[in-house]
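Letter by letter, the chains look like this.
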Amino acid sequence: MRIVSLASGSSGNAYLVVHNKQALLLDAGLSGKRISAGLAETGIDPTWIKAILITHEHNDHIAGAGVICRRWRLPMYMTAGTWAAAQGKLGKIPPHGVTLLRPGAPFILADLEITAIPICHDAREPVNYVFDTGKHRAAVLTDTGCITRDMLAVLESCHALILEANHDVDMLESGPSNLQAARVATWLAVNGNLRQMMLGHLSAINNTPDMARESVAAYLVEQKLGEEPLCAALQVLPRHHPGPVLQVK
């Protein structure tokens, strides 16, 4: 399994989870044109995509979802709350174009077991997703203002993670921070299976890639994890274009 970011930030988010020549589009907060261009740049065949998974109804996560759903005849998966809040923004959706999912109940798509986990965010019924190949588990964890014990219980079995590092605490005093990301990563590395991580969804105004990387790496070094791949191979996903591939292993 590999996770490919087409863009990760407050101006638009879209990721591809690829496994066995099948793919899932995780959020579609870019225009259809930009998503098509991102696929071409990353060498991923659009016919591999089997569905669109939506985390919540904010525009930076669904701006292109309706267009892609109609153009490529892809089903969208989301919670009932997200559908209620998003349907007015998505345009006309074809019959059977939406599958409502229940948080915590695993389902199978593209040879992956997927579980939606509730998150703390200012949206109707937001979730993030955990992906399981049967051998490895990974998650994309963004847009959550807090990390609960229930979330940690699910995430501790993940081997790889894309984790939001929204802002630097010296630039902004609210919301997910570089330090919070570092603390979550440390807990999951010490108490769970986490060995790989990329930072994403950085604020365009209140953070920089260098600040995020350096802040998280410094904390991991303080926690005696500086020699681990989690720290040594730490990368930051670009806001506006495809970034490095997270190869889950």
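Residues numbered from 1 in each chain as written. Predicted model: local features only at pLDDT ≥ 70, side-chain atom pairs only at ≥ 80, totals over all residues. Heavy atoms only, no water.

Enquirer: Could you give me a rundown of the sheet that holds strand 14 (residues 245-247), with the residues and numbers involved?
Expert: Here we have seven strands laid out as an open sheet, ordered 6-5-4-3-2-1-14, and mixed in their pairing. Both outer strands of the open sheet, strand 6 (98-101) and strand 14, are each paired with one neighbouring strand and no more. The average undirected angle you get between the axes of adjacent strands in this sheet is 25 degrees. Note that strand 3 (residues 22-26) and strand 4 (residues 49-53) share four bridges and pair parallel. Considered in strand 4, the bridge of Leu26 is made with Leu53. Sheet strands in contact with helix 1 (residues 32-42) are strand 1 (2-7), strand 2 (14-19), strand 3 and strand 4, and its direction is about 135 degrees off that of strand 1. Against the sheet, helix 4 (residues 80-90) engages strand 5 (76-79) and strand 6, with an angle of about 125 degrees to strand 5. (Pairing = 2+ DSSP bridges. Helix = DSSP H or I, 4+ residues; strand = E, 2+ residues; numbered from the N terminus. Axes fitted to C-alpha atoms, helices over the stretch in contact; angles between N-to-C directions. Contact = heavy atoms within 4.5 Å.)

Enquirer: Please set out the packing of aromatic side chains residue by residue, giving values where relevant.
Expert: Inspection of every chain in the model, using the stated rule, returns two aromatic pairs. Aromatic side chains Tyr77 and Phe107 sit 5.6 Å apart centroid to centroid with 0 degrees between the ring planes, which places their arrangement in the stacked category. Of the two residues, Tyr77 sits in strand 5 while Phe107 sits in strand 7 (residues 107-109), which places them 30 residues apart along the sequence. As far as burial versus exposure is concerned, Tyr77 and Phe107 are alike and both buried. An angle of 35 degrees between the planes, with centres 6.4 Å apart, marks the rings of Tyr129 and Phe131 as tilted. What makes Tyr129 buried here is its relative accessible area of 1%. (Phe/Tyr/Trp six-rings, centres within 6.5 Å; stacked < 30°, edge-to-face > 60°. Buried < 20%, exposed > 50% of the residue type's maximum accessible area, 1.4 Å probe, protein only.)

Enquirer: Provide a residue-level description of the state of the cysteines, including the pertinent values.
Expert: Cysteine pairs can be linked by a disulfide, which is a covalent bond between their two sulfur atoms. Enumeration over the complete set of coordinates arrives at one disulfide. What pairs with Cys120 in a disulfide is Cys146, and their sulfur atoms sit 2.2 Å apart. In this structure, the disulfide formed by Cys120 and Cys146 twists by about -45 degrees around the S-S bond and is classed as left-handed. On the criterion of sequence distance, the pair formed by Cys120 in the loop between strand 8 (112-118) and strand 9 (127-132) and Cys146 in the loop between strand 10 (137-141) and helix 5 (149-155) is long-range, its members being 26 residues apart. Classification of Cys120 by relative accessible area gives partly exposed; the value is 27%. (Disulfide = S-S within 2.5 Å.)

Enquirer: Requested: an account of the nonpolar core, with residues and values cited.
Expert: Membership of the largest hydrophobic core comes to 32 residues, with the highest contact counts inside it found for Leu155, Leu161, Leu163, Met197 and Leu199. Counting residues per element, this core draws most heavily on helix 6 (residues 178-191), at six residues. Within the second largest apolar cluster, 27 residues are counted, among which are Leu101, Phe107, Leu112 and Val248. (Core = buried A, V, L, I, M, F, W, Y, C linked by side-chain atoms within 4.5 Å.)

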